Amino acid sequence: MSVILHIESATSGCSVAVSDEGQLVFNREDHSGKGNAVALGVLVDEAISLIDSRGLRLDAVAVSEGPGSYTGLRIGLSMAKGICYGRNLKMIPVPTLKLLCVQPLLTMEFPDDALLCPMIDARRMEVYAALYDRSLAEVREIRADIVSHDTYLDYLEKHPVWFFGDGAAKCRESIGHPNAHFIEDIKPQARWMFPLAEQSLNRDETCNVAYFEPYYLKDFVAAKPKKLI
């Protein structure tokens, strides 16, 4: 177990959390619309002040890696890199779509054969989505989907599928299958990052701070996998 600073800014809001030995000791969110450039810096300063005032030894910084907005991800990544360089820390990329799954998995019950489909809104009827099982094993990789009645039909014919995230609401009428279920008000939040970040840190799945780039919505399809060290 470790002390990890978590930074999430992939969508319109932003949040910062600190976990200590797997327990959340700090959590702040900002959905005021002031812009991540202003709000995130304030939240990070508060988190660092708490860490220092308690004499905690920070081990790593976890940052939401997208897909997400260009501006939000750049701001979050810049913050994370600056702290990692300044304190000689490891940086942990957390996939934003997988992060969206953590809250439902920890707060709801799902049947054994359930699939989870987190969605991030792109434009019109396009979303960025992936499919995971209850263990967060990837059933279908992240793709840019233009949602219609048959987009997820192969999965819906065999499994109950739960859709959520800011791209799910606009897809409700288009999907319309008896096996399709929708969960409201699920956002990527720093407070849910620690189970994924702890797991990555224990496996030494950290990234090269100098060369790491997140997945942007605008170029996600062309993005190449990042090398872990």
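Every value quoted in this text rests on a predicted model; they were computed, and no experiment measured them.

Student: So what's going on with the pattern of salt bridges? Which residues, and what values?
Tutor: A full pass over the atoms with the stated rule returns 11 salt bridges. Ionic pairing is found between E46 and R28, a salt bridge with its closest N-O pair at 3.4 Å. Of this pair, E46 sits in helix 1 (residues 36-53) while R28 sits in strand 3 (residues 23-30); the two residues are 18 residues apart in sequence, bridging distant segments of the chain. According to the relative accessible area criterion, E46 is partly exposed, its value standing at 33%. What makes R28 partly exposed here is its relative accessible area of 40%. Residue E213 is joined to R74 by a salt bridge in which the shortest nitrogen-to-oxygen separation is 2.8 Å. Here R74 lies in helix 2 (residues 70-87) and E213 lies in the segment after helix 6 (194-202), a separation of 139 residues in the sequence. With a relative accessible area of 34%, E213 lands in the partly exposed category.

Student: Report on the sheet that holds strand 9 (residues 161-164), specifying residues and quantitative values.
Tutor: Adjacent strands of a sheet form backbone hydrogen bonds with each other and so pair up, either parallel or antiparallel. Across the sheet, five strands lie side by side as 8-7-6-9-10; this open sheet has mixed pairing. One side of each edge strand has no neighbouring strand; the edge strands of this open sheet are strand 8 (138-146) and strand 10 (180-182). When the angles between neighbouring strand axes are averaged without regard to direction, this sheet yields 25°. Where strand 6 (residues 115-123) and strand 7 (residues 126-132) come together, five bridges link them in antiparallel fashion. The residue of strand 7 that forms the bridge with D121 is V127. Packed on one face of the sheet, helix 3 (residues 96-107) meets strand 6, strand 7, strand 8 and strand 9 and runs near 130° to strand 6.

Student: Explain unusual backbone geometry to me, using residue names and the numbers behind them.
Tutor: Going from G66 to P67, the amide bond is cis rather than trans, its omega being 10°. Of note, P67 is situated in the loop between strand 4 (60-64) and helix 2. The phi dihedral of D204 falls on the positive side, at around 60°, and the residue is not glycine. Along the polypeptide, D204 turns up in the segment after helix 6. Relative accessible area serves as the criterion here: at 40%, D204 is assigned to the partly exposed category.

Student: Provide a residue-level description of the environment of L201, including the pertinent values.
Tutor: For L201, the position within the fold is in helix 6. Overall, the relative accessible area of 13% leaves L201 in the buried class. Those residues in contact with L201, other than ones at most four positions away along the chain, are S2, I4, A60, K90, I92 and T206.

Student: So what about the packing of aromatic side chains? Which residues, and what values?
Tutor: A full pass over the atoms with the stated rule returns three aromatic pairs. Here the aromatic rings of F110 and W162 are separated by 5.1 Å at their centres, their planes lie at 85°, and the arrangement is edge-to-face. Taken together, the residues span a long stretch of sequence, with F110 in the loop between helix 3 and strand 6 and W162 in strand 9 at a distance of 52 residues. This pair shows no difference in class: F110 is buried, exactly as W162 is.

Student: Requested: an account of the confidence of the model for the protein, with residues and values cited.
Tutor: Across the protein, the average pLDDT comes to 91, with 92% of residues at 70 or higher. Contacts for the low-pLDDT stretch residues 221-229, under 50 throughout, to residues beyond four places or in other chains number 16 contacts.

Student: An account of the pairing of strand 9 is requested, with residue identities and associated values reported.
Tutor: In strand 9, alternate side chains face the same way, and those of V161 and F163 on one face and W162 and F164 on the other are all buried. As judged from the four bridges shared by strand 6 and strand 9, these two strands associate in the parallel manner. Across the sheet, P118 pairs through a bridge with F164, a residue of strand 9. Across three bridges, strand 9 lies against strand 10 in parallel orientation. Its bridge partner lying in strand 10, W162 is registered against H181.

The rules behind each value
Residues numbered from 1 in each chain as written. Predicted model: local features only at pLDDT ≥ 70, side-chain atom pairs only at ≥ 80, totals over all residues. Heavy atoms only, no water. Salt bridge = Lys/Arg side-chain N within 4 Å of Asp/Glu carboxyl O. Helix = DSSP H or I, 4+ residues; strand = E, 2+ residues; numbered from the N terminus. Buried < 20%, exposed > 50% of the residue type's maximum accessible area, 1.4 Å probe, protein only. Pairing = 2+ DSSP bridges. Axes fitted to C-alpha atoms, helices over the stretch in contact; angles between N-to-C directions. Contact = heavy atoms within 4.5 Å. Phe/Tyr/Trp six-rings, centres within 6.5 Å; stacked < 30°, edge-to-face > 60°. pLDDT = per-residue confidence, 0-100.

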